[in-house]
Amino acid sequence: MTILLFHCLFRNEAEVDLKLVYPQQNMTVARLTETLQYYLDNGFIPVSPSDILKGLSSRGKHLLITFDDGYYSSKLSLPVLKQFKIPAVFFVSLNHMYQNKSFWWDVLWRERIKRGASVRSISHELNRLKCLTNEEIDRFLENEFGEAALKPVSDVDRPFTVVEFQDLAKQEGVLIGNHTFDHVILTNYPSSVGRKQIKRSQEEIERLTGIAPLVISYPNGNYTADILRFARESGLKMGITTTYVKNRLPIEPEKMMYLGRFMPVADGLLRNQLDLFRSDIAVTRLHAVFRFWAKRGKLTQ
Ligand SMILES: [Zn+2]
């Protein structure tokens, strides 16, 4: 069973060129369509988390689509998902939505690009900042660029509003998932904070949509044994990481809380990546290939 990760979406290449968000995927609606078509052409059956929890046949090939963070522009996927009858999970960090706050990696990217920094140096800085708490990152960004820099600048980089989010949650085939309340990288905090972040996200999503999430995507893919336990105690039945592996069927019960996931990058190598994700190549080799991409500044979270 293959899980794919997407974030924001661009309407077209011209929108990519505006450089308003960190280019971790550069995924346009057309490239998303191409990706989904590729899996359907190769006999994959789109599934929802409920299908996975019920148990999938070991004979079939299955695909779960996920969008992280709660970018408004991820909504551009809906007509395509509807056209192909593909369900999807949208993992949101609600406090970004409540505060209409940019994601910090996009702020860093936008402001550094404006000042002529290279992609490589921004990627290095971004990786250094990932070791800090959100509070420390915000303070750094405010000192460096001013408070106004933390506000979104377009429909590409902004989070959903509450009303838009509630509308999204009502769409057929859409499931809302937990991505912590503030998009915290859980391993950068004491366990007690992680527990509160997961629990608050569960409660707020249930308050806004009427349904408590079944699935969590750990920000940056980071988790610990304690986090897995807190997630289970908060009622979550499935957890998704950013480890580049396919999930072998049947999925063992404990593995359900840390499933692997791939993030396609919409460059000239998109088709090669999709071939690689499908192949049974050893995980270590797969990681070597992605380290190569990461070095080119293409990969982040
Ligand atoms: Zn995220």
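Please refer to the structure placed before this passage.
Not measured: the values here are computed from a predicted model.

Enquirer: How would you sum up the coordination of the zinc ion? Please name residues and give values.
Expert: Each angle at a metal carrying four tetrahedral donors should ideally be 109.5 degrees, and each at a metal carrying six octahedral donors should ideally be 90 or 180 degrees. Looking at the zinc ion, one finds its protein donor set to be D69 (OD), H179 (NE2) and H183 (NE2), positioned 2.0 to 2.2 Å from the metal centre. All donors to the zinc ion come from one chain, and their sequence spacing reads D-x109-H-x3-H. With a gap of 110 residues between them, D69 in the loop between β3 (61–67) and α4 (78–84) and H179 in the loop between β5 (174–178) and α10 (191–209) connect regions that are remote in the sequence. Take D69: its relative accessible area is 3%, and that puts it in the buried class.

Enquirer: Break down the pattern of salt bridges for me, citing the residues and quoting the values.
Expert: One pass over the full model with this rule turns up 18 salt bridges. Where D167 meets K75, a salt bridge forms, and the shortest distance between an N and an O atom there is 3.7 Å. With a gap of 92 residues between them, D167 in helix α9 (residues 162–170) and K75 in the loop between β3 and α4 connect regions that are remote in the sequence. One network of salt bridges, with partners in common, ties together R195, D226, R229 and E233.

Enquirer: I'd like a description of the packing of helix α6 (residues 104–114) against helix α7 (residues 119–129), backed by residues and values.
Expert: For any two helices packed against each other, one specifies the crossing angle of their axes together with the interaxial distance. Close contact between α6 and α7 brings their axes to 10 Å; oriented N to C, the two are set at 150°. Of the two elements, α6 crosses α7, and the hand of that crossing is right-handed. For the pair α6 and α7, the contacting residues are W104, W105, L108, W109, R112 and I113 in the first and V119, I122, E125, L126 and L129 in the second.

Enquirer: Give me the lowdown on the nonpolar core, citing residues and values where you can.
Expert: The biggest cluster of nonpolar side chains holds 41 residues, and the ones touching the most others in it are I65, F67, L81, F90 and F165. At five residues, helix α2 (residues 29–41) tops the list of elements feeding residues into this core. Setting aside its immediate chain neighbours within four residues, F90 contacts F67, S74, S77, L78, L81, L168, V174, L175, I176 and G177. Grouped together as the second largest cluster of nonpolar side chains are 21 residues, V21, Y22, L126 and I137 included.

Enquirer: Lay out the packing of aromatic side chains in plain terms, naming residues and giving numbers.
Expert: Under the defined criterion, the tally for this structure stands at 15 aromatic pairs. Where Y223 meets Y258, the ring centres are 5.8 Å apart and the plane angle is 20°; that geometry is what we call stacked. Of this pair, Y223 sits in the loop between β6 (215–217) and α11 (225–233) while Y258 sits in the loop between β7 (238–240) and α12 (270–278), and the two are 35 residues apart along the sequence. Judged by its relative accessible area of 29%, Y258 falls in the partly exposed class. Three or more aromatic residues joined by ring pairs make a cluster, and in this case those are Y71, F103, W104 and W105. The side chain of R158 reaches across the aromatic face of Y72, ending 3.8 Å from its centre.

Enquirer: So, the pairing of β5: which residues are in play, and what are the values?
Expert: Regular strands have side chains that alternate between both faces of the sheet. β5 sits mainly inside the fold: four of its five residues count as buried. Bridging between strand β4 (residues 88–92) and β5 involves five bridges; their strand directions are parallel. Within β5, the position partnered with V92 by the bridge is N178.

Calculation criteria
- Residues numbered from 1 in each chain as written.
- Predicted model: local features only at pLDDT ≥ 70, side-chain atom pairs only at ≥ 80, totals over all residues.
- Heavy atoms only, no water.
- Donors = N, O, S within 2.8 Å, 3.2 Å for Na, K, Ca; no water.
- Helix = DSSP H or I, 4+ residues; strand = E, 2+ residues; numbered from the N terminus.
- Buried < 20%, exposed > 50% of the residue type's maximum accessible area, 1.4 Å probe, protein only.
- Salt bridge = Lys/Arg side-chain N within 4 Å of Asp/Glu carboxyl O.
- Axes fitted to C-alpha atoms, helices over the stretch in contact; angles between N-to-C directions.
- Left-handed = near helix turned anticlockwise from the far one by under 90°.
- Contact = heavy atoms within 4.5 Å.
- Core = buried A, V, L, I, M, F, W, Y, C linked by side-chain atoms within 4.5 Å.
- Phe/Tyr/Trp six-rings, centres within 6.5 Å; stacked < 30°, edge-to-face > 60°.
- Lys NZ or Arg CZ within 6 Å of the ring centre and 35° of its normal.
- Pairing = 2+ DSSP bridges.

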